[in-house]
Amino acid sequence: MPDSFVRPLVLADHNRVRQKMIVEWGAETVVVHETVYRPAELPGFVAKSGDEIIGLLTYHLEGEACEIVTLDAKHAGQGVGTALIEAVRQAAGREKCRRLWLVTTNDNLSALRFYQKRGFIIAAVHLNAIEKDRRLKPEIPLIGPSGIPIQDEIELEMTVQKQ
């Protein structure tokens, strides 16, 4: 990740995050496990190269768990996603979290590969969960970019060392 840095999101970033969500996720909301999130209102980290945002991660803290809600990297394979994961892992440790977790969909094979290579394990598969999420966000497509029907939520997790 040459000439770039990761920093926490600040209030001034919220409009850019909102716009990024609309452009890349189709709406300013994300629905997962029947929960509606507004990533622009969540804590997170941004990876920048100069003035350009090249990566974004948002998360939600609840009890001893830290859930990654969104993760985007502009260019795959350059370490941006890995740096953002490390930043949230450290933040979760400072917050005394024991578990760092996230949900992806069954069609997102690149995400499954990415997270497992970074130490996440599959904790649960929620069959047909996307059907319930579509009731809250009908924009969720039926078929993913790779032609696989989007239907199940796959929960991945890792243990966090408290700091």
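Scroll up a little and you will see the structure.
Residues numbered from 1 in each chain as written. Predicted model: local features only at pLDDT ≥ 70, side-chain atom pairs only at ≥ 80, totals over all residues. Heavy atoms only, no water.

Peer 1: Teacher, can you tell me more about the side chain of Thr104 here?
Peer 2: Within the fold, Thr104 resides in strand 7 (residues 99-105). Not counting residues within four places of it along the chain, the set of residues in contact with Thr104 comprises Ala111, Leu112, Asp152, Glu153, Ile154 and Leu156. (Helix = DSSP H or I, 4+ residues; strand = E, 2+ residues; numbered from the N terminus. Contact = heavy atoms within 4.5 Å.)

Peer 1: I'm lost on the sheet that holds strand 9 (residues 153-159) in this one. Help?
Peer 2: Strand pairing in a sheet relies on backbone hydrogen bonds. The paired strands run either parallel or antiparallel. Spatially, 7 strands are ordered 1-4-5-6-7-9-8 in an open sheet, and the strand pairing comes out mixed. Bordering the open sheet on either side are strand 1 (5-8) and strand 8 (121-126), each of which pairs with just one other strand. Between one strand axis and the next, the sheet turns through 25 degrees on average, direction left out of account. Bridge count between strand 8 and strand 9: 5 bridges; the pairing is antiparallel. Of the residues in strand 9, the one forming a bridge with Ile121 is Glu157. Each of strand 4 (44-49), strand 5 (52-62) and strand 6 (65-73) is contacted by helix 1 (residues 14-25), which is oriented at about 70 degrees to strand 6, the strand it contacts most. The strands that helix 2 (residues 80-94) touches are strand 1, strand 4, strand 5, strand 6, strand 7 and strand 9; relative to strand 6, the one it contacts most, it runs at about 160 degrees. (Pairing = 2+ DSSP bridges. Axes fitted to C-alpha atoms, helices over the stretch in contact; angles between N-to-C directions.)

Peer 1: What is the right way to read unusual backbone geometry from this model?
Peer 2: Only a minority of non-glycine residues have a phi that is not negative, and only a minority of peptide bonds are not trans. Phi is positive for His33, close to 45 degrees, though the residue is something other than glycine. Within the secondary structure, His33 sits in the loop between strand 2 (30-32) and strand 3 (35-37). Phi at Lys96 takes a positive value of approximately 65 degrees, unusual for a residue other than glycine. Turning to its location among the elements, Lys96 is positioned in the loop between helix 2 and strand 7.

Peer 1: Is there a simple way to explain the environment of Val17 in this structure?
Peer 2: Relative to the elements of secondary structure, Val17 occurs in helix 1. A relative accessible area of 4% means that Val17 is categorised as buried. Here the alpha-carbon distance between Val17 and Asn106, two residues 89 residues apart in the chain, equals 25 Å. (Buried < 20%, exposed > 50% of the residue type's maximum accessible area, 1.4 Å probe, protein only.)

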